[in-house]
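# A look at the structure
Okay, here's what each chain looks like letter by letter:
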Amino acid sequence: VIMAGGKGSRLDPLTRILPKPLVPIKDKPIIQIIMNRFVEYNCKNFFLSVNYKAEIIKAYFKDISHDYEVQFIQEKIPLGTAGSLGHLKNKFTQSFFVTNCDIIIESNYNDIYDFHLKGNFDLTLVASAKQFQIPYGTCKIDSNGDLIEISEKPKFDFFINTGLYVLKPSVLEFIPSDNLFHITDLIRLLKNNGKRVGVYPIKDSCWIDIGEWAEYKNALNKFK
């Protein structure tokens, strides 16, 4: 499932004309690059959740030849990063991938899927390891304003949600029909109901994000 209904406002003004999924990387739109990656792992059935400039996206897939099946989930109103998944209840008999339309994950999808199955997770998210360094000395103080310690240019390690997931079909029952609902809402609801959420870590270099201009330019350079 590819979530392709957003406006892509962070890539304005390009997305005033093109829907974000059709933003080009070299000679192909980002969504086709994503789909080709899945086809390499024998994924041949795609659901595209569309809203903004949906007819342009539909027209694009009518105009190109492809050896996979594409079905569209038409959002009448924006439903967030997970709301449209509610239309897919009873469509799956095994765990399936969900991805944002502005990311490319250069990792082994079989390994991700096996991690999900072997861990018996209800939902697995792929996370990128990132390190951030503050370019200043940071001060830790107590309630009286006394200095406890000072750290020079400290580094912090985080796992960042990339926007690629694997879901059990049963997870879809937690998604309300035709309501604004985000993937973070789903994860929180699953955790509150005792369900298992796994995290599959990847290197930062394996995650290509085109959601903002800086990342888009980096992606263009990388694909050169």
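Our structure's up above, just so we're on the same page.
Residues numbered from 1 in each chain as written. Predicted model: local features only at pLDDT ≥ 70, side-chain atom pairs only at ≥ 80, totals over all residues. Heavy atoms only, no water.

## Looking at the pattern of salt bridges
Under the definition given, this model contains 8 salt bridges. Two residues, Lys130 and Asp204, come together in a salt bridge whose shortest N-O distance is 3.1 Å. Within this pair, whereas Lys130 is found in strand S8 (residues 123–133), its partner Asp204 is found in the loop between strand S12 (197–203) and strand S13 (207–209), the two being separated by 74 residues in sequence. For Arg188, the salt bridge identified is with Asp185, shortest N-O distance 3.3 Å. Here Arg188 and its partner Asp185 are both found in helix H5 (residues 183–192), 3 residues apart, which amounts to about one turn of the helix. You can call Arg188 partly exposed: its relative accessible area is 48%. (Salt bridge = Lys/Arg side-chain N within 4 Å of Asp/Glu carboxyl O. Helix = DSSP H or I, 4+ residues; strand = E, 2+ residues; numbered from the N terminus. Buried < 20%, exposed > 50% of the residue type's maximum accessible area, 1.4 Å probe, protein only.)

## Details of the sheet that holds strand S5 (residues 69–74)
Pairing is mixed in the open sheet, where 7 strands are placed in the order S5-S4-S1-S6-S11-S8-S12. Strands with a single pairing partner mark the edges of an open sheet, and in this sheet they are S5 and S12. Strands strand S1 (2–3), strand S4 (45–50), S5, strand S6 (96–100) and strand S11 (155–167) of the sheet are contacted by helix H2 (residues 30–39), whose axis makes an angle of about 155° with S4. (Pairing = 2+ DSSP bridges. Contact = heavy atoms within 4.5 Å. Axes fitted to C-alpha atoms, helices over the stretch in contact; angles between N-to-C directions.)

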